[in-house]
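# A closer look at the structure
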Amino acid sequence: MNGEGVEKLATGNLTVQNFVRRLMRLPVGSKVTLSVLGADNKTRNVSLTLVPMPRLPAEARRLVSQRLGFAVREKVMLDRYIDKGPTADVEGLLVMAVGQRTHAAVAGLQVDDVIISANGTEVKDVATFKTILDAATEATPPGEIKLVVRRGNQGQVVTIRP
């Protein structure tokens, strides 16, 4: 990396961890040149610029609707690698929890559904979703929330009536 060899430690795993630790110490925006040994046994130099680390699922923005009885979080890049199912590449909000005997449960919302749109508006972030939920639940009388969700290979419509 940048002309310096990779320190070989007792195990390959330790060597990799040490390399990653060195890389992580560099500031965002740093230019790095890696010398990479290809399958053809030829060394190639690869130049790259470091970007911020993507968020982990535990760091994703969340929204809990106690009134309707469910919790969602934004999907993050890592979800594409964690989720081995058909919703891996589907953008939207991931349903994390649905309370028993709640408006969401009665409507049929399920854990692991991916909410694609709410009341006709595409949702990819909790801020947009919260605005839609607030408008519907604060109306007099409260309005229904029509969600388009992806469940496995199929799209579903789930209508929550507060």
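Right, let's walk through the structure included here. (Residues numbered from 1 in each chain as written. Predicted model: local features only at pLDDT ≥ 70, side-chain atom pairs only at ≥ 80, totals over all residues. Heavy atoms only, no water.)

Attention now goes to the overall build of the chain. From N to C terminus, the chain includes four helices and nine strands. Against the 2.2 N^0.38 benchmark of 15 Å for 162 residues, the chain shows a C-alpha radius of gyration of 22 Å, more extended than a compact globule. Oriented by its inertia axes, the alpha-carbon framework of the chain measures out at about 70 × 30 × 30 Å. When the accessible surface of the chain is split by element, carbon and sulfur atoms take 54% of a total near 10400 Å². In the chain, which carries 22 positive and 16 negative side-chain charges, the distance between the mean positions of the two groups comes to 3 Å. (Helix = DSSP H or I, 4+ residues; strand = E, 2+ residues; numbered from the N terminus. Rg over C-alpha atoms; globule rule 2.2 N^0.38 Å. Areas by Shrake-Rupley, 256 points an atom, 1.4 Å probe, with all protein chains shown as cover. Lys, Arg positive; Asp, Glu negative; His and termini not counted. Charge placed at Lys NZ, Arg CZ, Asp CG, Glu CD.)

Turning our eyes to something else, we now look at a nonpolar patch on the surface. Nonpolar side chains collect at one region of the surface, where Leu56, Met77, Leu78, Tyr81 and Ile82 lie side by side and expose about 510 Å² of accessible area between them. Residue placement: Tyr81 occurs in helix α2 (residues 79–82). (Patch = residues over 30% accessible without salt bridge, like charges linked within 9 Å, V, L, I, M, F, W, Y side chains within 5 Å. Salt bridge = Lys/Arg side-chain N within 4 Å of Asp/Glu carboxyl O.)

Further remarks concern helix α4 (residues 126–137). For α4, which comprises twelve residues, the first-to-last C-alpha distance of 16 Å matches the rise-based estimate of 16 Å (1.5 Å per residue) to within 8%. Regarding α4, the residues found buried are Val126, Phe129, Ile132, Leu133, Ala136 and Thr137. One face of α4 carries all of its buried residues, which in axial projection span an arc of 125°. The outward face of α4, more than 90 degrees from its buried face, is lined by the exposed residues Ala127, Thr131 and Ala135. If you follow the buried residues of α4, they end up packed against β3 (62–65), β4 (70–74), β5 (93–98), β6 (114–118), β7 (121–122) and β8 (145–151). You can read the cap of α4 off the contacts: a side-chain oxygen lies 3.2 Å from the backbone nitrogen of Ala127, and it is on Asp125. (Expected span 1.5 Å × (residues − 1). Buried < 20%, exposed > 50% of the residue type's maximum accessible area, 1.4 Å probe, protein only. Arc of directions from axis to C-beta. Contact = heavy atoms within 4.5 Å. Polar contact = N/O pair within 3.5 Å; in protein donor to acceptor, adjacent residues only side chain to side chain.)

The topology assignment puts Asn45 in strand β2 (residues 43–49). In this structure Asn45 comes out as exposed when scored by relative accessible area, which is 59%. Sequence separation between Asn45 and Ser35 is ten residues; the distance between their C-alpha atoms is 4.5 Å.

Worth remembering: the numbers are spatial, not functional.
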